[in-house]
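Descriptive structure summary
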Amino acid sequence: MKYITTATVISQQKAYKNGICLFADEDGALPAFLIAAYRHFGFNYPRFYKMDNLAKLGWLASEILLQGSLESGRYQPEEVGIVFSNASSSLDADLKYFESARDIASPSLFVYTLPNIVIGEICIKHKFKGESAFFIFESFNADFLEKYVSGLFNSNILQACICGWVECIENEYKAALFLVETDMNELKDRQASAWDSVPLFTKDNLNKIYHLSNG
């Protein structure tokens with residue numbers, strides 16, 4: 001059996017973990033919110049400040065997801081994979097790079113004109129070396145996510161997977177990430193959760209958690 005052992009949703013100026021809102025800051029636009037959340041959770045990773053908004057959003061959501069949830073050494077680097085998706089690819093950074101090219105093209109912006117760079121930032125931080133992929137859909141596709149990630153587990157390619165949705169275009173954004181595992185031994189010590197039980201990894205549960213912050 002595969003379980004959603006932890007889930008993080010960032011949307012509408014709030015950050016949730018396992019159904020509980022851990023941080024809210026409704027005063028600023030997206031860049032200010034991301035910095036405020038980064039500082040609130042006490043992260044210390046200088047590369048964060050160099051990232052574009054999509055990478056910051058995905059990296060921040062993954063750090064909240066993994067904090068206290070996936071201890072170092074539990075899996076081999078090759079056993080942990082990342083499967084993300086969104087609707088706008090890297091368009092947010094693409095537009096900013098296009099504008100910079102009117103004067104002098106910015107190499108720092110060009111770095112982020114691929115959507116899978118956010119996966120790379122997470123892998124650099126945690127030294128993950130497993131299967132990774134980034135897909136583009138018009139909207140969150142729980143059915144595809146369940147089938148694709150389940151295939152990686154069933155083929156013994158992965159033992160754990162961070163999967164979900166990371167979308168950012170100007171001030172429209174949402175991240176919904178899920179840590180999928182099969183081992184239940186460590187779950188009794190999980191952090192506080194709004195869930196009555198650990199959800200199975202199904203498209204229905206993915207959709208339910210994804211829409212949490214929509215009220």
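This text gives an overview of the structure that appears in the document. Everything numeric in this text was worked out from a predicted model, so none of it was measured. (Residues numbered from 1 in each chain as written. Predicted model: local features only at pLDDT ≥ 70, side-chain atom pairs only at ≥ 80, totals over all residues. Heavy atoms only, no water.)

**Quick word on helix α7 (residues 203-210)**
Three or four residues apart is the spacing at which side chains of an α-helix point the same way, because the helix has 3.6 residues per turn. Those residues of α7 that sit buried are Leu206, Ile209 and Tyr210. Projected onto a plane normal to the axis of α7, the buried residues spread over an arc of 100 degrees and lie on a single side. Exposed and oriented more than 90 degrees from the buried face of α7 are Asp204 and Lys208. Looking at the packing, one finds that the buried side of α7 touches β1 (3-11), α6 (142-154), β6 (160-169) and β7 (172-181). (Buried < 20%, exposed > 50% of the residue type's maximum accessible area, 1.4 Å probe, protein only. Helix = DSSP H or I, 4+ residues; strand = E, 2+ residues; numbered from the N terminus. Arc of directions from axis to C-beta. Contact = heavy atoms within 4.5 Å.)

**Quick look at the packing of aromatic side chains**
Under the criterion given, the structure shown has 21 aromatic pairs. Seen in terms of ring centroids, phenylalanine 135 and tyrosine 148 are 5.0 Å apart; in terms of plane orientation they differ by 70 degrees. Their pairing is edge-to-face. Taken as a pair, phenylalanine 135 in strand β5 (residues 132-136) and tyrosine 148 in helix α6 lie far apart in primary sequence, 13 residues in all. According to the relative accessible area criterion, tyrosine 148 is partly exposed, its value standing at 25%. (Phe/Tyr/Trp six-rings, centres within 6.5 Å; stacked < 30°, edge-to-face > 60°.)

**So, the layout of surface pockets**
Its volume calculated, the largest pocket comes out at about 270 Å³. Lining the largest pocket are 16 residues, and of these Leu70, Glu71, Ser72, Gly73 and Phe128 sit closest to its centre. For the lining of the largest pocket, the class distribution of residues is six nonpolar, six polar and four charged. Here the second largest pocket defines a volume of roughly 220 Å³. Lining the second largest pocket, in full, are Gly19, Ala194, Trp195, Asp196, Ser197, Pro199, Asn205, Lys208, Ile209 and Leu212. Of the residues contributing to the lining of the second largest pocket, the split by class is five nonpolar, three polar and two charged. (1 Å grid on protein atoms, 1.4 Å probe; cavity = no way out; pocket = protein on both sides within 12 Å on 5 of 7 lines; lining within 4 Å. Points joined across faces, edges and corners; volume = space filled by probe spheres on them. Nonpolar A, V, L, I, M, F, W, Y, C, P; charged D, E, K, R; others polar.)

**Quick look at the environment of lysine 174**
Here lysine 174 is to be found in strand β7. Given the relative accessible area of 7%, lysine 174 is considered buried. Sequence separation of lysine 174 and alanine 61 is 113 residues, and the distance between their C-alpha atoms is 9.8 Å. For lysine 174, the side chain forms a polar contact with the main-chain oxygen of tyrosine 210, separated by 2.6 Å. (Polar contact = N/O pair within 3.5 Å; in protein donor to acceptor, adjacent residues only side chain to side chain.)

**Points about the nonpolar core**
Counting 42 residues, the largest nonpolar core has Ile10, Leu60, Phe84, Phe128 and Ile162 as its most contacted members. When contributions to this core are tallied by element, the ones reaching two or more residues are α1 (30-40), α2 (53-66), β4 (80-86), α5 (117-126), β6 and β7. Per-element accounting of this core gives the leading share, nine residues, to α2. Counting 23 residues, the second-largest nonpolar core is a separate cluster that includes Ile4, Val9, Phe153 and Ile209. (Core = buried A, V, L, I, M, F, W, Y, C linked by side-chain atoms within 4.5 Å.)

**Details of the packing of α1 against α2**
In the contact formed by α1 and α2, the axes pass within 11 Å of each other and the chain directions differ by 30 degrees. Taken together, the axes of α1 and α2 are roughly parallel relative to one another. Crossing of α1 against α2: the hand is left-handed. Touching Leu30, Pro31, Leu34, Ile35, Ala37 and Tyr38 of α1 are Asn53, Lys56, Leu57, Trp59 and Leu60, all from α2. (Axes fitted to C-alpha atoms, helices over the stretch in contact; angles between N-to-C directions. Parallel < 35°, antiparallel > 145°, perpendicular 65-115°, else oblique. Left-handed = near helix turned anticlockwise from the far one by under 90°.)

**Section: the side chain of glutamate 63**
Tracing the backbone through its elements, the reader meets glutamate 63 in helix α2. Engagement of the side chain of glutamate 63 in a polar contact is seen with the side chain of histidine 126, the distance being 2.5 Å. Apart from residues no more than four positions distant in its own chain, glutamate 63 is found in contact with Phe43, Lys125 and His126.

**A word on the sheet that holds β4**
Strand order in the open sheet made by the seven strands is β3-β2-β1-β7-β6-β4-β5, with mixed pairing throughout. Edge strands, defined here as strands with exactly one partner in the open sheet, are β3 (20-24) and β5. The mean inter-strand angle of the sheet, taken between neighbouring strand axes irrespective of direction, is 15 degrees. Inspection of the sheet shows β1 paired to strand β2 (residues 14-17) by four bridges, in the antiparallel sense. From the neighbouring strand, valine 9 faces β2, where its bridge partner is tyrosine 16. (Pairing = 2+ DSSP bridges.)

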